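# Coordinate analysis (summary)
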Amino acid sequence: MDVNKPRLKKDLPQVELPSSVTVKQLANALKVEPVKVIKQLMRKGIMANINQTMDFDTASAIAADFGYNVKTAAEHRVLPTRKEREKKRLSVRSPVVTVMGHVDHGKTSLLDVIRKTNVTAREVGAITQHIGAYQAFVDGRKITFLDTPGHEAFTAMRSRGAQVTDIVILVVAADDGVMPQTVEAINHAKAAKVPIVVAINKIDKPDANPERVKQQLADLGLVVEEWGGDTVCVPISAKREQGISDLLENLFLVADILELKADADRAAEGVVIEAKLDKTKGPLATLLVQRGTLRQGNIVVAGDTWGKIKVMFDDKGNRIHKAEPSTPVEVLGLNEVAKSGDLFMVVLNEHEARSIVEEHKYSRPRPTLSLSTLSSQISDGQIKELPIVLKTDVDGSIEPIKTSLERLGTDRAKARVMHAASGIITESDVLLASASKGIIIGFNTTTSPGAIQLANSEAVSIRQYDVIYKLIEDVDRTLKGMLEPTYTEVLSGRAEVRAVFPSSKLGKIAGVYVTEGKVWRDAQVKILRQNKIVGESRVSSLRRYKEDVAEVSAGLECGLAIEGNVDFQTGDIIESYRKERVE
Ligand code: GDP
């Protein structure tokens, strides 16, 4: 069944679900292979194996994806949900933090200084390895830092469905102030709904002006606490190692509010942070465990690859045998190099691993989220918001276009400009649009070659305009669910009329021989006589040996009736056409 195809609710088959089901039970109920359910869960960012249980909400969302109408089993109302039962088992996990900000504002310096100053006594002098993430110890508590700074890594992961970061540290240099990549970082973090802690860096510099930075941030909607807002902001100097412990304390405060928890008592799952091929050791991958406990010997599926964990190292290069939630580990044992941002999970056995990987490898690419697709999703009520990344030629064009766009829409759907800037459309824009299931609109600008490539692989639609009213009109029609897709006709078959005979019900029947491709019931047809079109209509009936058939392929004869009063005679050629959507 095409899981992406919306259907009318009243036509849907019913399925009754209890408060919690395993993947296997759900697959049985939906009459699909368990891997199909696992794959659909993956699309939602949930890694599960065949025996894993899921709660009612998750199961019914999956059932809906497979075209079912969900009925609550009576038991659902009395038993606690899996979420409620699980809550009791959850234990606190440490926060995972990403550092973002404009180039040269001090992201790397900050990560290095935290890493250097916050290791346990035992580890001082240990050789630090860069595995893409590390844990710092502060007053007996741990924080996990992803040490690939920048929003590209952050959003690349999110576009693959991985939500990795709990908190973003936004580094802004006090002498330079808010710059384009600062704005981009804020919008990336906002789109991911990740709280931001601001670190105003380089306060040691004579021309440092932290107050100006605060004002610039306020203009972007990030009002610092001392001005009555709720953005935590800490002045630091990465160079002089000032303000670092204050920053870390504040990270813990934010983490405490987030109440970060995970169940350590289950099969592990998480995200691939980095992966590479080591000439002597083979494929290496840094995994961030997000739920459960990863153990040496576990069989793991990570994107298109799998393997048995042979050896695990922590971020200091020590051998370890298990890793709990929020722990980054370097592992050996995957059969191939994984991709960063891929989700990983522990499975039962090799057989399960292989079948999931096969499914994953050959799964259809995502269809591009074009305006017309979004338009029909809006008219079906599937989406309520159209996220837009807007790029323009000059700064002056941003505000008027943004204001007009945000004024559009109906009660059903609104446009939301999640990021707007001047300049060409870059890979970062594509990733942001992809992660937010939005589109990119360019006004009088161009797209970098890398962005075009990425847009194709991430299935993101880029629309370029040079006339404002046309841009506004397209988005308006999209929001009203009115944007009709355009179709093109594709020649799909040819047949020769070899005889014409009367029929009491259908008027006239053509006895034809299909020479190329196919003809089918309801196909659009053109009738050609000496290479000139003499009529156009639709196949209304198709028969072979007195049996109604759906289609007839080349090399076969059939009787064919055409809708309406269309003229045809022996010797005519009938061409069948398929409509194909043009994006
Ligand atoms: P990134 O591009 O954001 O990772 O920035 P870097 O960490 O590479 O820093 C860029 C430059 O700023 C380097 O030359 C650093 O030495 C310098 N820098 C970083 N932090 C500070 C600071 O707190 N004070 C001063 N004066 N310079 C800093």
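Cut-offs and rules
- Residues numbered from 1 in each chain as written.
- Predicted model: local features only at pLDDT ≥ 70, side-chain atom pairs only at ≥ 80, totals over all residues.
- Heavy atoms only, no water.
- Helix = DSSP H or I, 4+ residues; strand = E, 2+ residues; numbered from the N terminus.
- Buried < 20%, exposed > 50% of the residue type's maximum accessible area, 1.4 Å probe, protein only.
- Pairing = 2+ DSSP bridges.
- Axes fitted to C-alpha atoms, helices over the stretch in contact; angles between N-to-C directions.
- Near = heavy atom within 4 Å.
- Polar contact = N/O pair within 3.5 Å; in protein donor to acceptor, adjacent residues only side chain to side chain.
- Areas by Shrake-Rupley, 256 points an atom, 1.4 Å probe, with all protein chains shown as cover.
- 1 Å grid on protein atoms, 1.4 Å probe; cavity = no way out; pocket = protein on both sides within 12 Å on 5 of 7 lines; lining within 4 Å.
- Points joined across faces, edges and corners; volume = space filled by probe spheres on them.
- Nonpolar A, V, L, I, M, F, W, Y, C, P; charged D, E, K, R; others polar.

### As for unusual backbone geometry
Positive phi, normally seen in glycine, also occurs at A459, with a value near 60°. Within the secondary structure, A459 sits in the loop between helix 14 (449-458) and strand 25 (462-465). In this structure, Q530 takes a positive phi of about 45° despite not being glycine. Inspection of the secondary structure assignment puts Q530 in the loop between strand 28 (524-529) and strand 29 (532-544). Classification of Q530 by relative accessible area gives exposed; the value is 77%.

### A word on the sheet that holds strand 22 (residues 385-392)
The sheet built from 4 strands is open, its strands ordered 23-22-24-25 with parallel pairing. Every other strand in the sheet has two partners, leaving strand 23 (414-422) and strand 25 as the edge strands with one partner each. Averaged over all pairs of adjacent strands, the angle between their axes in this sheet comes to 25°, without regard to strand direction. As judged from the 5 bridges shared by strand 22 and strand 24 (residues 439-443), these two strands associate in the parallel manner. Counted as the bridge partner of V389 is I440 from strand 24.

### With respect to the site of the ligand
In the vicinity of the ligand there are 15 residues, among which D104, K107, T108, S109 and D204 approach most closely. At 2.5 Å from an oxygen atom of the ligand is found a side-chain nitrogen or oxygen belonging to S109. Residue D204 places a side-chain N or O atom 2.7 Å away from a nitrogen atom belonging to the ligand. Relative to its free-state accessible area of 580 Å², the ligand is covered by the protein chains to the extent of 73%.

### Considering empty space enclosed by the protein
Applying the stated criterion across every chain yields a total of 2 cavities of 30 Å³ or more. Of the voids in this model, the largest cavity is the one considered here, and its volume is about 50 Å³. Surrounding the largest cavity, T98, G132, L146, T148, A153, F154, M157, T165 and I273 form its lining. Of the residues forming the lining of the largest cavity, the biggest block, 3 residues, is contributed by helix 6 (residues 151-159). Of the residues that constitute the lining of the largest cavity, the class distribution is 5 nonpolar, 4 polar and no charged.

### Overview of the pairing of strand 29
Of the pairings in the sheet, the one linking strand 28 to strand 29 comprises 6 bridges and is antiparallel in character. By the bridge assignment for strand 29, Q524 is matched with R538. Hairpin connection from strand 28 to strand 29: 2 residues lie between these consecutive antiparallel strands, with Q530 at a positive phi of about 45°. The sheet contact formed by strand 29 and strand 32 (residues 557-562) spans 4 bridges and is antiparallel. Residue pairing in the sheet places R543 in a bridge with G559 of strand 32. Direction of pairing for strand 29 relative to strand 30 (residues 547-548): antiparallel, over a ladder of 2 bridges. Counterpart to R544 in the pairing with strand 30 is E547. Hairpin connection of strand 29 to strand 30: 2 residues between the antiparallel strands, including Y545 at a positive phi of 45°.

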